[in-house]
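# Analysis of the macromolecular model
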Amino acid sequence: MPLPIPPRATGPSRLEAALLLAAGALLALAVFGPVLHDSAHQHGFADQRTLLGIPCALDVLSNLAFAMAGALGLAWLARLPSGAVDGVSRALAGLFFAGLVCTAAGSAFYHWRPSDFGLMWDRLGMVLPFAGLLGLAAAGRVSQRAGIATAGAVLLGGTLAVLWGALSGNVLPWAVVQLGGMLVVLALAMLPRRGGALALHLGAVIAFYGVAKLFEAADHAVLEATGQWVSGHSLKHLAAAAAALPVLSALAGLLPRNAGHGPVATTGQNGAQHRSASRPINAPEMPFLQTKMPTRRDA
């Protein structure tokens, strides 16, 4: 009896090859592009007011939005039933949400006392959610192995870009990781979603990120326009944290519903579960309402 022939490893698909070429082009730009330095006023944020002993209070406290989104996402992932989403998407979503928590810590540390050292840790924290997001985008539009490779490349490349910027002062590689990464997400958003992948609305992610960058550029102008109430950088944190909403929304449709509410159908949009209307929902039993009240004869 002839031995079974093991399946041959398939080469990259056209989409995987295109993604690889895009990564190569971004790498060439990061390595051979012109030197780019941070602004001389990098640490000169508009709102430097102290509140409850916290310096640059709103810029520090607004990072709570990252921590809340990350913690909620991790909690929902833990509740997600086995098989609700493929293992690669689950791991990449975990990386994304854990990265948001790290971003909150790194950014709060930096804004408490802005310095080059704190900025390095701020950016290192941002590498994690970038890797998770780009990995989710590639896994959802191209293939699972493309998602793994993309996340790994961003983790390695992003970390090296941050460290190189801290050592040499050239932040072009970091700019390529941020802006080039969002261009890749924009291109992937134009492709159809792969069957079985997480139903992630990439266009909404890009929109929130774009609004965040606009707030960041208008830091002082927003503070003046709001009568010294809030700065553009504080709002930037809130808008960037809102970019987690599409990922949370995709998970919400996969969470199990409470038991005892009738049959559940899985024919909803994006595989979301909906209760069937074919059977009525029984009201919960309330023993205290069934207690026999004393009558005059009993008395």
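Keep in mind the model is a prediction, meaning the values are calculated, not measured.

How each quantity is defined
- Residues numbered from 1 in each chain as written.
- Predicted model: local features only at pLDDT ≥ 70, side-chain atom pairs only at ≥ 80, totals over all residues.
- Heavy atoms only, no water.
- Helix = DSSP H or I, 4+ residues; strand = E, 2+ residues; numbered from the N terminus.
- Buried < 20%, exposed > 50% of the residue type's maximum accessible area, 1.4 Å probe, protein only.
- Contact = heavy atoms within 4.5 Å.
- Phe/Tyr/Trp six-rings, centres within 6.5 Å; stacked < 30°, edge-to-face > 60°.
- Salt bridge = Lys/Arg side-chain N within 4 Å of Asp/Glu carboxyl O.
- Patch = residues over 30% accessible without salt bridge, like charges linked within 9 Å, V, L, I, M, F, W, Y side chains within 5 Å.
- Areas by Shrake-Rupley, 256 points an atom, 1.4 Å probe, with all protein chains shown as cover.
- Expected span 1.5 Å × (residues − 1).

## A few points about the overall build of the protein chain
A tally of helices and strands in the protein chain yields 11 helices and 2 strands. Along the protein chain, helices and strands appear, N-terminal first, in the series α-α-α-α-α-α-α-α-α-α-α-β-β. Within the protein chain, the fraction of its 299 residues that count as buried is 39%. Long-range pairs, those at least 24 residues apart, make up 69% of the contacts in the protein chain with a sequence separation of at least 6.

## Points about the packing of aromatic side chains
Within the structure shown, the criterion is met by 6 aromatic pairs. Ring geometry for Phe45 against Tyr110: centres 5.8 Å apart, planes inclined by 75°, an arrangement best described as edge-to-face. In this pair, Phe45 sits in the loop between helix H1 (14–32) and helix H2 (57–61) while Tyr110 sits in helix H4 (residues 87–112), placing the two residues 65 residues apart along the sequence. Take Phe45 and Tyr110: they sit in the same class, and that class is buried. Judged by centre distance (6.4 Å) and plane angle (70°), the ring pair of Phe130 and Tyr209 falls under edge-to-face. In this pair, Phe130 is assigned in helix H5 (residues 116–141) and Tyr209 in helix H8 (residues 202–217), connecting sequence segments 79 residues apart. Among the residues examined, Phe130 registers a relative accessible area of 10% and is labelled buried.

## Looking at the pattern of salt bridges
Tallied over the full model, the rule gives 6 salt bridges. With its nearest N and O atoms 2.8 Å apart, the salt bridge here joins Glu16 to Arg145. Of this pair, Glu16 sits in helix H1 while Arg145 sits in helix H6 (residues 144–168), placing them 129 residues apart in sequence. Taking relative accessible area as the criterion, Glu16 reaches 10% and is therefore assigned buried. Taking the shortest distance from any N to any O, the salt bridge between Lys236 and Glu216 comes out at 3.7 Å. Of the two residues, Lys236 is situated in helix H10 (residues 232–242) and Glu216 in helix H8; the sequence distance between them amounts to 20 residues. Relative accessible area serves as the criterion here: at 29%, Glu216 is assigned to the partly exposed category. Sharing partners across several salt bridges, the network here consists of Lys213, Glu216 and Lys236.

## Re a nonpolar patch on the surface
Taken together, the side chains of Leu51, Leu52, Leu61, Leu64 and Met68 present a nonpolar region at the surface, about 550 Å² in accessible area. Mapping Leu61 onto the fold places it in helix H2.

## Here we look at the side chain of Arg123
Checked against the element boundaries, Arg123 lands in helix H5. With residues up to four places along the chain from it excluded, the contact list for Arg123 reads Asp38, Gln42, Val162, Val171 and Trp174.

## Details of H6
With 25 residues, H6 should reach 36 Å at 1.5 Å per residue; the first-to-last C-alpha distance of 36 Å fits that figure. Taken together, the buried positions of H6 are Ala146, Gly147, Thr150, Ala151, Val154, Gly158, Ala161, Val162 and Gly165. Turning to H6, the residues buried within the fold contact H1, H4, H5 and helix H7 (172–189). Just downstream of H6, Gly169 is the residue with a positive phi angle, here 85°.

## Details of the environment of Ser13
Take Ser13: it is sitting in the segment before H1. Put simply, Ser13 and Val142 are 129 residues apart on the chain and 8.8 Å apart in space, counted from C-alpha to C-alpha.

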